[in-house]
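# Descriptive structure summary
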Amino acid sequence: MSDKVEMLTKEIVIEKLKNVIDPELNFDIVKLGLVRDVEIGEYFEELGVHEYIKVTMTLTSPMCPFVDTMIEDIENNIAELGKGECQVELSFDPPWECPEDLRLELGL
């Protein structure tokens, strides 16, 4: 098996993040547009892991009471990949805005 098969891609990580549900809105964090970026560190072939897997995200509100739960869910889902330690970074600049397609789905 080539090492390229072993390496993660942003797409694989984002698919995994679709399992993380915002408890308030009951939609996944990808659909909500909360995931701002995914960065994957260097791959160490001999260990079969990446240096890090960093998820930069925002919240629907800086005062979100479920932030710890969502971060834990993110870390657990990324850990299931077995490809490295997950780091979650919060960013509120710019503030979150509901994606247009989700607004239509919610009838807003």
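Scope of this entry: the structure provided in the associated data block. The shown structure was predicted, so the numbers you read here are calculated from the model rather than taken from an experiment.

Parameters at a glance
- Residues numbered from 1 in each chain as written.
- Predicted model: local features only at pLDDT ≥ 70, side-chain atom pairs only at ≥ 80, totals over all residues.
- Heavy atoms only, no water.
- Disulfide = S-S within 2.5 Å.
- Pairing = 2+ DSSP bridges.
- Helix = DSSP H or I, 4+ residues; strand = E, 2+ residues; numbered from the N terminus.
- Right-handed = clockwise from strand over helix to strand, strands pointing away.
- Buried < 20%, exposed > 50% of the residue type's maximum accessible area, 1.4 Å probe, protein only.
- Contact = heavy atoms within 4.5 Å.
- Polar contact = N/O pair within 3.5 Å; in protein donor to acceptor, adjacent residues only side chain to side chain.

## Digging into the state of the cysteines
Throughout the structure, instances matching the rule amount to zero disulfides. Here Cys86 is not cross-linked by a disulfide; its sulfur's nearest cysteine counterpart is in Cys64, at 17 Å.

## Here we look at the pairing of strand S5 (residues 86-90)
As paired elements, strand S4 (residues 53-57) and S5 share five bridges and run parallel to each other. Opposite Val55, over in S5, you have Val88 as the bridge partner. Following the chain from S4 across helix H3 (residues 67-79) to the adjacent parallel S5, one finds a crossover that is right-handed.

## Topic: the environment of Arg36
Along the polypeptide, Arg36 turns up in strand S1 (residues 35-40). Judged by its relative accessible area of 30%, Arg36 is partly exposed. For the pair Arg36 and Trp96, spaced 60 residues apart in the sequence, the C-alpha separation amounts to 9.9 Å. Setting aside its immediate chain neighbours within four residues, Arg36 contacts Thr56, Met57, Thr58, Ser91, Phe92, Asp93, Pro94, Pro95 and Trp96. Polar side-chain contacts of Arg36 include one of 2.5 Å to the backbone oxygen of Pro94.

## Let's talk about the side chain of Asn77
Within the element layout of this structure, Asn77 appears in helix H3. For Asn77, the side chain forms a polar contact with the main-chain oxygen of Asp73, separated by 2.9 Å. Excluding residues within four positions of it along the chain, Asn77 makes contact with Lys16, Asn19 and Val20.

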